[in-house]
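Coordinate analysis (summary)
Single-letter residue listing:
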Amino acid sequence: MASLKLQGIYKKYPGGVVAVSDFNLDIKDKEFIIFVGPSGCGKTTTLRMIAGLEEITEGDLFIGDKYVNDIAPKDRDIAMVFQNYALYPHMSVFENMAFGLRLRKTPKEEIKRRVEEAAKILDIAHLLDRKPKALSGGQKQRVALGRAIVRNPKVFLLDEPLSNLDAKLRAQMRTELTKLHQKLATTFIYVTHDQVEAMTMGTRIVCMKDGIIQQVAAPQVLYEYPANLFVATFIGTPQMNIFDATLLDEGGHTYIKFGENKLMLPDEKGRNPEVLAYADQQVIIGIRPECISDDPADLEKNKDAIVTCDVDVVEQLGSVTYLYLTCEKVNLTASVNARSKARHGDTVKVALDMNRVHLFDKETEHVIAG
């Protein structure tokens, strides 16, 4: 088992392209760390530098207490699972899983024991004689995981391993991977652009943009206290509502004003000196869809934060209903009770939970209050 330390890691390509910039991260032993961000943000490049498949331009990488910048991939005691499975089509499942051990001249009996043990963990013991072409996508992914498990590596690196699976199987495999991590008690580093995978699997999430770490935190912390506008809008489905408003300091209270709407912030948030510094200035407001409600009890409770909206689209998903609203040219998405009576074309009143409103600086996009 191993911890990892990445200190001031850079990846620069010829022509001045910087793929990863000043990446600093301490990963604890047995953590399930997720690198998340849009395509091209540098997450896979960082993973490949950890694996030794990409050269580190600048900075230091330690696995355990060992400096590994100049150590070959095969000697780093890590195992990587790729997006495309990378199975040998002419070999059986058993041979695919045993291949790496055979290269290391592992005794035959030990290979057999390790392969059968991994196959049992992954529920593919009945597939050991089959060739990859006779397997489903989910089964191929399990074989690729099995090939990594048999090596007993210190660190597992997983590069978007579920992206080729259908939605139902992805949900199932997310659970399986979480169970596998708990069972193996090994360090997992997992790359994805899917924030649902990030939120449901990781002990901590590293949110990246343009090769730079934006925030590192536990999933719920990242969701509830985003450090900037990028993290706020990238994490969460449906996306956080974002709109411009003017901050007003009037009569000992602080308000946000957009169009004809003037909504009062709770004093513990609104009277914060950092917030008051933006009085009479435009700020960016963020509010999650579940913090907007058409429930009569919420309307009664939040009398100082009610807006009137036109209902553009209603999406009924069984357990929840999404209302897509327009309020004074501002588009809002509300996640409301499935029994909501709002329908397309209606004009409705909704209450915003001002305790859970986020304020961002318009220039820097950093959080002012959340």
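Located above this text is the structure these notes cover.
For every chain, the first residue of the written sequence is number 1, and numbering continues from 1 along that sequence. In keeping with the predicted nature of the model, local features appear solely for residues at pLDDT of at least 70, side-chain atom pairs appear and are counted solely at 80 or more, and the whole-chain, interface and lining totals rest on all residues. Neither water nor hydrogens contribute to the side-chain values; these are computed over all heavy atoms in the structure.

Here we come to the side chain of T45. Segments assigned H or I by DSSP are reported as helices when at least four residues long, segments assigned E as strands when at least two residues long, and all are numbered from the N terminus. Examined against the element boundaries, T45 turns out to sit in helix α1 (residues 43–51). We call two residues in contact when some of their heavy atoms are within 4.5 Å. Those residues in contact with T45, other than ones at most four positions away along the chain, are K11, Y13, A19, V20 and E54.

Once that is clear, we can look at the environment of D166. Here D166 lies in the loop between β7 (155–159) and α5 (167–184). Once the C-alpha coordinates of D166 and V93 are considered, the two residues, 73 residues apart in sequence, prove to be 22 Å apart. Of the polar contacts made by the side chain of D166, one reaches the backbone nitrogen of L169; its length is 2.9 Å. Definition of a polar contact: a pair of N or O atoms within 3.5 Å, with one able to donate and the other able to accept a hydrogen when the atoms are protein atoms, and with sequence-neighbouring residues admitted only if both atoms are side-chain atoms.

Attention now goes to the pattern of salt bridges. Salt bridge, as used here: a side-chain nitrogen of Lys or Arg that lies within 4 Å of a carboxyl oxygen of Asp or Glu. According to the stated counting rule, one finds 16 salt bridges in the structure shown. The residue K11 makes a salt bridge to E54 at a minimum N-O spacing of 3.5 Å. Residue K11 is found in strand β1 (residues 4–13), and its partner E54 is found in the loop between α1 and β4 (58–63); the two are separated by 43 residues along the sequence. Note that E116 is salt-bridged to K112, the shortest N-O span being 2.9 Å. In this pair, E116 and K112 are both assigned in helix α3 (residues 108–121), 4 residues apart and thus about one turn of the helix distant. Three or more residues are tied together by salt bridges with common partners; here these are E110, R113, R114 and E117.

Each aromatic pair joins two rings of Phe, Tyr and Trp (for Trp, the six-membered one) with centres within 6.5 Å, and gets the label stacked for planes under 30 degrees apart, edge-to-face for over 60, and tilted for any other angle. Under the defined criterion, the tally for this structure stands at 8 aromatic pairs. With a centroid separation of 5.6 Å and an interplanar angle of 65°, the aromatic rings of F23 and F35 are classed as edge-to-face. Taken together, the residues F23 in strand β2 (residues 17–27) and F35 in strand β3 (residues 32–36) connect sequence positions 12 residues apart. Here's how the labels work: a residue is buried when its accessible area is under 20% of the maximum for its type, exposed when over 50%, partly exposed in between, all with a 1.4 Å probe on protein chains only. Look at F23 and you get buried, because its relative accessible area is 0%. Taking the centre distance of 4.9 Å and the plane angle of 40° together, the rings of F156 and F188 count as tilted. A residue pair is termed long-range when its members are at least 10 positions apart, and F156 in strand β7 and F188 in strand β8 (residues 187–192) qualify at 32 residues. Given a relative accessible area of 2%, F156 falls into the buried group. Using a relative accessible area of 0% as the deciding quantity, one classes F188 as buried.

All right, on to the sheet that holds strand β19 (residues 347–352) then. Taken in spatial order, the 5 strands of this open sheet run β15-β19-β16-β17-β18, and their pairing is antiparallel. Of all the strands in the sheet, just β15 (292–293) and β18 (330–337) have a single pairing partner and so form its edges. Here, a strand pair is defined by DSSP locating no fewer than two bridges between the strands. Note: strand β17 (residues 320–327) against β18, 8 bridges, orientation antiparallel. Its bridge partner being in β18, Y322 is matched across the sheet by S335.

Another aspect to go through is helix α4 (residues 137–149). The end-to-end C-alpha distance of α4, which contains 13 residues, comes to 18 Å, matching closely the 18 Å that a straight helix rising 1.5 Å per residue would cover. When you tally the buried positions in α4, you get 10 out of 13 residues, the bulk of the element. Where α4 is buried, its residues touch β6 (78–81), α2 (93–103), α3, β7 and α5. Expected span of a helix: the number of residues minus one, times 1.5 Å.

In this model, α5 (18 residues) spans 26 Å end to end at C-alpha, consistent with the 26 Å of a helix rising 1.5 Å per residue. Here α5 has its buried residues at R170, M173, R174, L177, L180 and H181. The buried residues of α5 all sit within an arc of 130° when viewed along its axis, so they share a single face. Relative to its buried face, α5 has exposed residues pointing more than 90 degrees away, namely K168, Q182 and K183. Elements in contact with the buried residues of α5: β3, α3, α4, β7, β8 and α6 (195–201). For α5, the side-chain oxygen to backbone nitrogen distance between the N-cap and K168 is 3.2 Å, and the N-cap itself is D166. With its phi angle positive at about 50°, A185 sits one or two positions after the end of α5. Here the arc refers to the set of directions running from the helix axis out to each C-beta atom.

Take unusual backbone geometry next. Negative phi characterises most residues that are not glycine, and trans characterises most peptide bonds. Across the junction of T237 and P238, the peptide omega takes the value -10°, indicating a cis bond. Tracing the sequence through the fold places P238 in the loop between α8 (229–234) and β11 (241–250). Even without a glycine there, the phi angle at K105 is positive, about 60°. Tracing the chain through its elements places K105 in the loop between α2 and α3.

One open sheet holds the 6 strands; their spatial order is β13-β12-β11-β14-β20-β21, and the pairing between them is antiparallel. The sheet is open, and its two borders are formed by β13 (261–264) and β21 (367–369), each paired with just one other strand. Across the sheet, the mean angle separating the axes of adjacent strands is 40° when strand polarity is ignored. Examined bridge by bridge, strand β20 (residues 358–360) and β21 share 2 bridges and lie antiparallel to one another. Within β21, the residue paired with F360 across the bridge is V367. Every angle, taken between N-to-C directions, lies between 0 and 180 degrees, and every axis is a line fitted to C-alpha atoms, over only the stretch in contact when it is a helix.

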